[in-house]
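# Structure at a glance
Take a look at the letters that make up each chain.
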Amino acid sequence: QVQLVESGGGLVQPGGSLRLSCTASRSRFRINDMAWYRQAPGKEREMVARITSGGSTNYQESVKGRFSISRDNYQNTVWLQMNSLKPEDTAVYYCKVDATLVVNVEGATVAKEYWGSGTLVTVSA
């Protein structure tokens, strides 16, 4: 199975910064889109930032100008740089990877979606 390893969450004061990272295991797969989602207490999970294999990005309106998503295709890693953090950014952040997985010796593939287990970001004074 493909495993996603997330890191970078923690406690930060308002106005501070954090950098989240997510690395996918090097199985026989090709990564397409990569994204970060978050779920705040009492709220639904929402997409925060997404980046395509070609480098195109889009962001949740509330984080535009403050967050930046980037990727390294060789390392199979996606980052989320979070600046000017606000208390309302407090949430569990999840990495999501859309991939094409090789499933047999003949080279057949299947599209799969993988989720990390989440990393907690707390913004508080």
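Described below are features of the structure shown in this document. As the structure is a computational prediction, the values presented were derived from the model and not from experiment. Going along each chain's sequence as written, the residues are numbered from 1 onward. Whole-chain, interface and lining totals are the exception, using all residues; otherwise, since this is a predicted model, local features are given only for residues with pLDDT of at least 70 and side-chain atom pairs are given and counted only at 80 or more. The basis for the side-chain values is all heavy atoms of the structure; hydrogens and waters are excluded.

To continue, consider the packing of aromatic side chains. Here a Phe, Tyr or Trp ring, Trp counted by its six-membered ring, pairs with any other such ring whose centre lies within 6.5 Å, and the pair is stacked when the planes are under 30 degrees apart, edge-to-face when over 60, and tilted otherwise. Following the criterion strictly, the structure yields 1 aromatic pair and no others. Distance and angle both matter: a charge sits over a ring if NZ of Lys or CZ of Arg is within 6 Å of the ring centre and within 35 degrees of the ring normal. Taking NZ or CZ as reference, R45 lies 3.8 Å from the ring centre of Y94, over its face. Sitting above the plane of the W115 ring, R45 keeps its charged end 4.8 Å from the centroid.

A few words now on the pattern of salt bridges. The salt bridge criterion pairs a side-chain nitrogen of Lys or Arg with a carboxyl oxygen of Asp or Glu, the two atoms within 4 Å. Taken as a whole and judged by the stated rule, the model has 7 salt bridges. Note that D89 is salt-bridged to R38, the shortest N-O span being 3.0 Å. One end of the pair, D89, is in the loop between β8 (77-82) and β9 (91-102); the other, R38, is in strand β4 (residues 29-39), with 51 residues separating them in the sequence. Here R66 and D89 are joined by a salt bridge, their closest N and O atoms 2.7 Å apart. Taken together, the residues R66 in the loop between β6 (57-59) and β7 (67-72) and D89 in the loop between β8 and β9 connect sequence positions 23 residues apart. The buried category is assigned to D89, whose relative accessible area is 1%. Overlapping salt bridges, with partners in common, bring together R38, E46, R66 and D89 in one network. Runs of E in the DSSP output that reach at least two residues are strands. Runs of H or I that reach at least four are helices, and both are numbered from the N terminus. Here the term buried applies to any residue with accessible area under 20% of the maximum for its type, exposed to any over 50%, and partly exposed to those in between, with areas from a 1.4 Å probe on protein chains only.

In this section: the environment of Q3. By secondary structure assignment, the location of Q3 is in the segment before β1 (4-7). By relative accessible area, Q3 is classed as partly exposed at 46%. For the pair Q3 and P87, spaced 84 residues apart in the sequence, the C-alpha separation amounts to 30 Å.

This part covers unusual backbone geometry. For N76, which is not glycine, the phi torsion reads 55° and is therefore positive. Relative to the elements of secondary structure, N76 occurs in the loop between β7 and β8. What makes N76 buried here is its relative accessible area of 14%. One non-glycine residue with positive phi stands out, namely S84, at about 50°.

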